[in-house]
Amino acid sequence: MRVGLVLGAGGVQGGAWLTGGLAALAERTGWDPASADYVVGTSAGSMLASLLAAGLPPWFMVAHSAGETFEGMEDARGRRAADADRAGGAEFRLDSGALPVFPGSLPLVIRSLLRPHRHTPAGVLSGWAPRGMISSEPLREIIRSSVPGEWTEHPNHWVVACDYSTGRRVCFGRDGSPRAKLEDAVAASCSIPGFYRPVRIEGRLYVDGGIWSTSNLDVLRGQDLDLVICLNPTSSLHPIRAASPLSAFNLIFNQASGRRLGSEAKRLRAEGTEVVLIQPTERDLQTMGVNLMSRRRRNEVIAVATETVAEQLDAPDVEPKLRDLPPGDPEMVRRPERPSWEWPGLDELRARVAAG
């Protein structure tokens, strides 16, 4: 069974929701998400996809976020795993020397004026927005502590970002795309225009892949997959009522994201690929709040997501599609029932993912 895993954009809160969702997916199905034939991530999803592909099981991410310490475990640079960032990269500081250039991308502004139909609304706005000034260094640090080389060993691990001059998406890690270190690719994929500093890769600037699509599910068209599982934090079948201008904006964004996701899923299904879409419920949205970049309640969002995603996976229209998923390595799927100093080290977990 050939399977693709797609993790969408969603900021800090969306990353927390993805963490809980991945843990529920592994626990409920017995399948290791890192064993997917293709692992694709956009923005917050690029961070979670990279951690998965680097050998960090979802149960470990949940435990680490909750503040647990792990005696005897080291990160990719030989430092104590317990010292790694627990805030999902939610550390915001100014990039030294950054200037709020306006508009952020004049080439994108010109292109979108000449050919507006070739650009998404988010892409058009991204060109006009001032250039972001927040450093992406905390995001890079998470990748450096998890991945020992320039990229993971997964053969089809893709990170989606957008060219800041053209607005077109790029899948780093895919054959034919610009060569990039994983820390740079993830930083680019997470670089929300107007907030984070754009990332320069091979002489070009790149920003958040979410300005093309929050899901980018359709990048897996033509890969002859049997099943694609997509967890998308910024769309929902149960939108909550807008009670403020910010929540009204979120509602519009949520609806647009859902329409794009549905269109992308339709294209994949037309090729004969089964698609499972997992999205936040009303309970998730209420827990996440309107500010997706907030550092608050991350662990509560994770806990709620483990429950709501498990419920979606058990739904009569979803569960049958997941029955043929191959069983995963038990220690990648569920937390070992023994002390942390007896757990497999991160090097061993990475080797298991690389071995498939």
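Keep in mind that what you see is a predicted model, and the values were worked out from it rather than measured.

A. Structural detail: the side chain of Ser-105. Tracing the backbone shows Ser-105 in the loop between helix H3 (58-65) and helix H4 (106-114). Relative accessible area serves as the criterion here: at 3%, Ser-105 is assigned to the buried category. Setting aside residues no more than four positions away along its own chain, Ser-105 makes contact with Gly-127, Tyr-164 and Ser-165.

B. Molecular detail of the packing of aromatic side chains. All told, the structure shown has 6 aromatic pairs when counted by the stated rule. Seen in terms of ring centroids, Tyr-38 and Trp-158 are 5.3 Å apart; in terms of plane orientation they differ by 75°. Their pairing is edge-to-face. Linking Tyr-38 in strand E2 (residues 38-42) with Trp-158 in strand E3 (residues 157-163), this pair joins segments that are 120 residues apart in sequence. A relative accessible area of 4% places Trp-158 in the buried class. A centroid spacing of 5.0 Å and a plane angle of 90° characterise the contact between Phe-195 and Tyr-196, whose relative ring orientation is edge-to-face. Residue classification places Tyr-196 among the buried residues on the basis of a relative accessible area of 4%. When the ring centre of Trp-158 is taken as origin, the NZ or CZ atom of Arg-174, which lies over that ring, is 5.0 Å away.

C. Highlighting H3. Of all the 8 residues making up H3, 7 are buried; the element is thus mostly covered by neighbouring parts of the structure. Taken together, the buried positions of H3 are occupied by Pro-58, Trp-59, Phe-60, Met-61, Ala-63, His-64 and Ser-65. On its buried face, H3 sits against helix H1 (11-29), helix H2 (44-53), helix H10 (298-313) and helix H12 (330-333).

D. Spatial organisation of unusual backbone geometry. The omega torsion across Phe-102 and Pro-103 is -10°, close enough to zero to call that bond cis. Note that Pro-103 resides in the loop between H3 and H4. The phi dihedral of Ser-43 falls on the positive side, at around 55°, and the residue is not glycine. Note that Ser-43 resides in the loop between E2 and H2. One non-glycine residue, Asp-224, lies in the positive phi region at around 55°. Tracing the chain through its elements places Asp-224 in the loop between strand E6 (204-208) and strand E7 (227-231).

Calculation rules
Residues numbered from 1 in each chain as written. Predicted model: local features only at pLDDT ≥ 70, side-chain atom pairs only at ≥ 80, totals over all residues. Heavy atoms only, no water. Helix = DSSP H or I, 4+ residues; strand = E, 2+ residues; numbered from the N terminus. Buried < 20%, exposed > 50% of the residue type's maximum accessible area, 1.4 Å probe, protein only. Contact = heavy atoms within 4.5 Å. Phe/Tyr/Trp six-rings, centres within 6.5 Å; stacked < 30°, edge-to-face > 60°. Lys NZ or Arg CZ within 6 Å of the ring centre and 35° of its normal.

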